[in-house]
Amino acid sequence: MLDIKRLREESDSLRGIIEARGGQLDGVLDADQKRRQLLSEVEALKGERNAVSKEIGKLKKAGEDTEAQQAEMRALGQKISGLDDDVRAAEADFNDRILRIPNIPHSSVPLGADEAANEVVRVHGEARAFDFKPETHIEIGERLGLFDLARATRMTGAGFPLFIGSGARLERGLINFMLDLHVKEHGYTEMSPPFVVNSDSMTGTGQLPKMAEDMYRTTGDDLWLIPTAEVPVTNYYREEVIEADLPIYLTAYTPCFRREAGAAGRDTRGLLRVHQFDKVEMVKFVEPETSYDELESLLLNAEDVLQRLGLHYRVLNLCSGDISFAAAKCYDIEVWAPGQDAWLEVSSCSNFEDFQARRAKIRYRNRDGKTRFVHTLNGSGVALPRLVVALLETYQRADGSIEIPEAIVPYMDGVTVLSPAGE
RNA sequence: GGAGAGGUGGCUGAGCGGUUUAAAGCGGUGGAUUGCUAAUCCAUUGUACUCCGAUUAGGGGUACCGCGGGUUCAAAUCCCGCCCUCUCCGCCA
């Protein structure tokens, strides 16, 4: 959520970018105008009622008749009650509108309508050269018995992966490797949060109201399955003035649940786009002055995962048309998958500035003792299924086995090669 | 899931329709006093929205006693619903 005062004062300069990102600025400004006018009106009447009621109290104490004043206030009360309904409606309308206004991109974000305008910041490593035709992760996984998508479809539905044997251990090993890296070397505190949250939390980080169709919702309790650990971890401090020193770095492994309602038919083969996936997430709460430096170091923390795994990847600075609703700036990290012959997005590292903090009411006390909104950031460090795709496809060998990168051998009980069963 | 108790400012804790503008204490801040520390004394004390003022200083108003409704001229106080905490019982990995 943006500051309504800023929207009022800078409406002319902000209108273009907000509308380009699908927001309706004038609707918000009108609703704000209406809301404030009603508020002024009803507050003046309430002031009058408070004063007269007080007077009635005194007169009664003195034994005087107050029926005339009471009748007058009864009538005023009717009017107030009607106006209160109007105020409530106006505020609901205003809230609904301002919650749908996207964040304003930072000045370093390239302008553009879609992913074609994204800027490649850097490329790490080189694509591995093969002297045989590389298999896709689906072929590899089936042959080595690492996952079983057919049976998972029968038990749940398409897009819910099931890992088994070495595949399951690889999944678990990668999660532990990444958590250890962020905790022991990057200074994050590990958190193991609920995987299901309430609507206030979803609104706090910006999933609601816009993304309701993309999430799984429970019946009976009005709870939601988290689409990312960002939601529970960022909401850790919702409606608080943080007393601990900033910056605060948190990391968490969680499964992530996404309906992918608008993506039917795209990338549906194998592990490329699934409804449930594992991810290690990093979240930062920082002082506003430092948030862009913190974004750079967050990005490096995510890149470190891929570097240690020896993967070829590139970093994109997403353009104004491609960054998510709540982000002011976002880097994507894409890893190279030789079997797909494609770049796969495995991480998004975003600075939300105070956009989430405003919604979730997360503040801190600055040096003057004043409460201010923190800046929040988060980044995947990193998402699992596509990482597994890249690993399997990158480290496959001519004999059909998979070499395990050195960094995760300790997390695989010393196993250095995944071979077909029975060999 | 059932029964009971309870949720008041940064904290402790009173108030249970109008002398409360939420008492009192603790804590915090500023000041006075004092070889230092401690003690004592004086003053001050939250959040959000909104209006006036010049986007200053400052001033006015509204709301906030777990949350949301309701009754009343007037609600921390009465009524209804919900949430949370504690104790006990039940169930349970």
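For every chain, the first residue of the written sequence is number 1, and numbering continues from 1 along that sequence. For naming, the first written chain is A and the first written ligand is 1, with later ones following in the order written. The predicted origin of the model limits local features to residues at a pLDDT of at least 70 and limits the giving and counting of side-chain atom pairs to 80 or more, whereas totals for whole chains, interfaces and linings rest on all residues. The side-chain values count all of the structure's non-hydrogen atoms but skip hydrogen atoms and water molecules.

1. Some points on the pattern of salt bridges
When charged atoms on two side chains of opposite charge get close, those side chains can pair. When a carboxyl oxygen of Asp or Glu lies within 4 Å of a side-chain nitrogen of Lys or Arg, that pair is called a salt bridge. This structure, assessed with the given rule, holds 28 salt bridges. One salt bridge connects Arg97 with Asp93, and the closest N-O pair in it is separated by 3.1 Å. Separated by 4 residues within a single helix, Arg97 and Asp93 lie in helix H4 (residues 67-98), roughly one turn from each other. We note a salt bridge from Arg372 to Glu289, for which the minimum N-O separation is 3.2 Å. Within this pair, whereas Arg372 is found in strand E12 (residues 371-373), its partner Glu289 is found in the loop between strand E7 (276-286) and helix H10 (291-308), the two being separated by 83 residues in sequence. Each residue gets one of three labels from its accessible area relative to the maximum for its type: buried under 20%, exposed over 50%, partly exposed in between, using a 1.4 Å probe on protein chains only. On the accessibility criterion, Glu289 (56% relative accessible area) is exposed. Strands are runs of DSSP state E lasting at least 2 residues, helices are runs of H or I lasting at least 4, and numbering of each runs from the N terminus.

2. Remarks on the environment of Asp222
Locating Asp222 in the fold gives a position in the loop between helix H8 (199-205) and strand E4 (223-225). Judged by relative accessible area, which is 37%, Asp222 ranks as partly exposed. For the pair Asp222 and Asn198, spaced 24 residues apart in the sequence, the C-alpha separation amounts to 6.8 Å. Residue contacts follow a heavy-atom distance rule, with two residues in contact if any of their heavy atoms lie within 4.5 Å. Apart from the residues within four sequence positions on either side, Asp222 is in contact with Asn198, Ser199 and Arg217.

3. Quick notes on helix H7 (residues 166-185)
Taking 1.5 Å per residue, 20 residues should reach 28 Å; H7 reaches 27 Å between its end C-alpha atoms and fits that length. Those residues of H7 not exposed but buried are Gly167, Leu170, Glu171, Gly173, Leu174, Ile175, Phe177, Met178, Leu179, Leu181 and His182. Take the residue count of a helix, subtract one, and multiply by 1.5 Å to get its expected span.

4. Some details on empty space enclosed by the protein
Buried and open spaces are told apart on a 1 Å grid over the protein atoms alone, a cavity being a set of points where a 1.4 Å probe fits but cannot get out and a pocket being an open set with protein on both sides within 12 Å along at least five of seven lines. Residues with an atom within 4 Å of a point are the lining residues. Grid points are joined across faces, edges and corners, and a volume is the space filled by probe spheres set on the points. Scanning the model with the defined rule gives 1 cavity of 30 Å³ or more in all. Space inside the largest cavity adds up to approximately 40 Å³. Looking at the largest cavity, the residues that line it are Leu170, Leu391, Leu392, Tyr395, Ile402, Glu403, Ile404 and Pro405. Counting residues per element, the ones that place at least two in the lining of the largest cavity are helix H12 (384-394) and strand E14 (402-403). Classes in brief: Ala, Val, Leu, Ile, Met, Phe, Trp, Tyr, Cys and Pro nonpolar; Asp, Glu, Lys and Arg charged; the others, Gly included, polar. For the lining of the largest cavity, the class distribution of residues is 7 nonpolar, no polar and 1 charged.

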